[in-house]
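Inside the fold
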Amino acid sequence: MKKVFLLALIGVLVSSSSAQSCLGDVWQSLQNHKIMEAKKKIDECMVGNEQSAKAWLYKGNVYLSVFNQDEERLKKNPEYVSKTPDAIWVAYESFYKALEINKDLAPEDGLISAREGQLLCGKPFYERGIAAKDAKDFPNAEKLLRAAIKCFNLDPGYKKYLGYLYNDLASVTLELKGQEAYKEILEEAYKANTDRVQIYHLLYQIYSNEKDSVKCGALIKKAKKNVAPKDQTSIFVLELSYWANIGDTTNLFKTVAEIETKFDTIPAIITDAATYLIDAKQFEKATELAQKGLEKNPNDFSLNSIMAYCFYKETNEIIKLGNAAVIAQDFKLANHYKTMKDSCLMKAHDWAEKAYQIQPRDFTNASMLRQLKLQLAKEVPAELNAIIEETKPQQTQQ
């Protein structure tokens, strides 16, 4: 019995010694930059060492080196064809296997660690995934992008890439598997706390179409936490839309106040916020907000035009009040509303005129300006009529 045990022990020791010897040869070939020699040796060395984490680590390093060598040759010669086209996959799977066998595997001198090796595989997977997507090879694109996500998920420092990956994976999934699977990918990115603003917009649209106001509200809150401040303007516009849709004017005003503080130099979002105030018939708040924007951007078209639109919409409300006063035979009040209406119309006209001088070929503003001139009994210039006709949106044929 002792003899059998000793023979088995000797066999193990010989096998271990043999593995160490061949891995040493692989290591030396890598240090000497003899990549294909290292590949031949590691392929031979893996036989009988399938349960060695160290052997898989060496294999990952070798095949990643093969891939990098092929990439360099391809840069120098676009006609170059690799003899090992799957090298990056072999490298990735080898690093993965090494950690699967021993999650605490220590790095080896002169080699990259298994975890770092997986991270380095992420970029090639991403680049090849995008190429496959552009070529409409969606099954391969899905596989590659999925692999890239697994790689980049290993390190928080790579989080900035995940949003792009999920965005591309979502569009690939939509082509391959339809709307429900597409939603699942967006939700996966959402749960991963992505900082990619497009993910939140796409998922918000889905929740909005489903009329799930609870999920819409939670999404906006999370987006404001995860998206970089410089990219948050469109998230705030979503929030304005959200409060308007559920009829919460109190929180609508709070979001407007936040926009006024954070984005007072950005005319587009100031204009959006003013538009929501106008829709809520908060004309004074809207003009105050737009005026503050104009202090820093006096010649911005959108701000000048929104001032015109605000007074134009307020005029319509005043006309309704005046008509009600006439019906009630309160002619003193009706006359008061007429005075207000005339003043408001003139303000609307002057702002629309200024906006027209800044950007004459905007159909919406030009049409509003013509309407105001007609209401004020002013002459409509032939040039204004011509521009309206030229810029009129074309009706689509049924």
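Below you will find a few notes about this structure. A quick note: this is a predicted structure, and the numbers were derived from the prediction, not measured.

**Details of the overall build of the protein**
On a plain count of helices and strands, the protein comes out with 18 helices and zero strands. Here the protein has a C-alpha radius of gyration of 33 Å; the compact-globule value for 398 residues is 21 Å, and the former is much larger. Across its three principal directions, the C-alpha atoms of the protein cover 120 × 50 × 45 Å. A total of 398 residues make up the protein; the buried ones form 39% of that total. For the protein, the share of sequence-separated contacts (at least 6 apart) that also reach a separation of at least 24 residues comes to 59%. When the accessible surface of the protein is summed, it comes to about 22400 Å², and 53% of that surface belongs to carbon and sulfur atoms. The averaged location of the 53 negative side-chain charges in the protein is 3 Å from the averaged location of its 53 positive side-chain charges.

**Observations regarding helix α13 (residues 267–279)**
Under the 1.5 Å per step criterion, the end-to-end length of α13 is 18 Å for 13 residues, consistent within 8% with the ideal 18 Å. Looking one or two places after α13, you find K281, whose phi comes out positive at around 60 degrees.

**Focus: the pattern of salt bridges**
Applying the stated criterion to the full structure yields 26 salt bridges. Its salt-bridge partner being K75, residue E72 comes within 3.6 Å of it at the nearest N-O pair. One end of the pair, E72, and the other, K75, are both in helix α3 (residues 53–76), three residues apart, so they sit about a helical turn from each other. A salt bridge links D104 to K103, with the shortest nitrogen-to-oxygen separation between them at 3.5 Å. The exposure classification of D104 matches that of K103, with both residues exposed.

**Overview of the state of the cysteines**
As enumerated under the stated definition, the model contains one disulfide in all. Across the disulfide from C22 sits C45; the S-S distance is 1.8 Å. Judged by the sign of its S-S torsion, about 40 degrees, the cystine formed by C22 and C45 is right-handed. Remark: C45 occurs in helix α2 (residues 35–45) and C22 occurs in helix α1 (residues 2–31); sequence separation between them is 23 residues. Overall, the relative accessible area of 18% leaves C22 in the buried class. Its relative accessible area of 3% is what places C45 among the buried residues. Free cysteine: C121, not disulfide-bonded; nearest cysteine sulfur from C151 at 5.6 Å.

**Some details on the packing of aromatic side chains**
Summed over all chains, the structure comprises ten aromatic pairs. With 5.4 Å between their ring centres and 35 degrees between their planes, F152 and Y161 make a pair best called tilted. Accessibility expressed as a relative area gives 4% for F152, which makes it buried. Ring centres of Y190 and Y200 lie 6.1 Å apart, and the angle between their planes is 80 degrees; this geometry places the pair in the edge-to-face category. Of this pair, Y190 sits in helix α8 (residues 179–191) while Y200 sits in helix α9 (residues 197–209), and the two are ten residues apart along the sequence. Pair check on accessibility: Y190 and Y200 agree, each one buried. Put simply, the rings of W89, Y92, Y96 and F125 pair up and form one aromatic cluster.

**Brief notes about unusual backbone geometry**
Phi is positive for K281, close to 60 degrees, though the residue is something other than glycine. With respect to the helices and strands, K281 occurs in the loop between α13 and α14 (283–296). Unusually for a residue other than glycine, A377 sits at a positive phi of about 60 degrees. Residue placement: A377 occurs in the loop between α17 (363–375) and α18 (382–391).

**Looking at the side chain of S305**
With respect to the secondary-structure elements, S305 resides in helix α15 (residues 301–327). Among the polar contacts listed, one links the side chain of S305 to the side chain of N365, at a separation of 3.2 Å. Not counting residues within four places of it along the chain, the set of residues in contact with S305 comprises A355, N365 and M368.

Procedures and definitions
- Residues numbered from 1 in each chain as written.
- Predicted model: local features only at pLDDT ≥ 70, side-chain atom pairs only at ≥ 80, totals over all residues.
- Heavy atoms only, no water.
- Helix = DSSP H or I, 4+ residues; strand = E, 2+ residues; numbered from the N terminus.
- Rg over C-alpha atoms; globule rule 2.2 N^0.38 Å.
- Buried < 20%, exposed > 50% of the residue type's maximum accessible area, 1.4 Å probe, protein only.
- Contact = heavy atoms within 4.5 Å.
- Areas by Shrake-Rupley, 256 points an atom, 1.4 Å probe, with all protein chains shown as cover.
- Lys, Arg positive; Asp, Glu negative; His and termini not counted.
- Charge placed at Lys NZ, Arg CZ, Asp CG, Glu CD.
- Expected span 1.5 Å × (residues − 1).
- Salt bridge = Lys/Arg side-chain N within 4 Å of Asp/Glu carboxyl O.
- Disulfide = S-S within 2.5 Å.
- Phe/Tyr/Trp six-rings, centres within 6.5 Å; stacked < 30°, edge-to-face > 60°.
- Polar contact = N/O pair within 3.5 Å; in protein donor to acceptor, adjacent residues only side chain to side chain.

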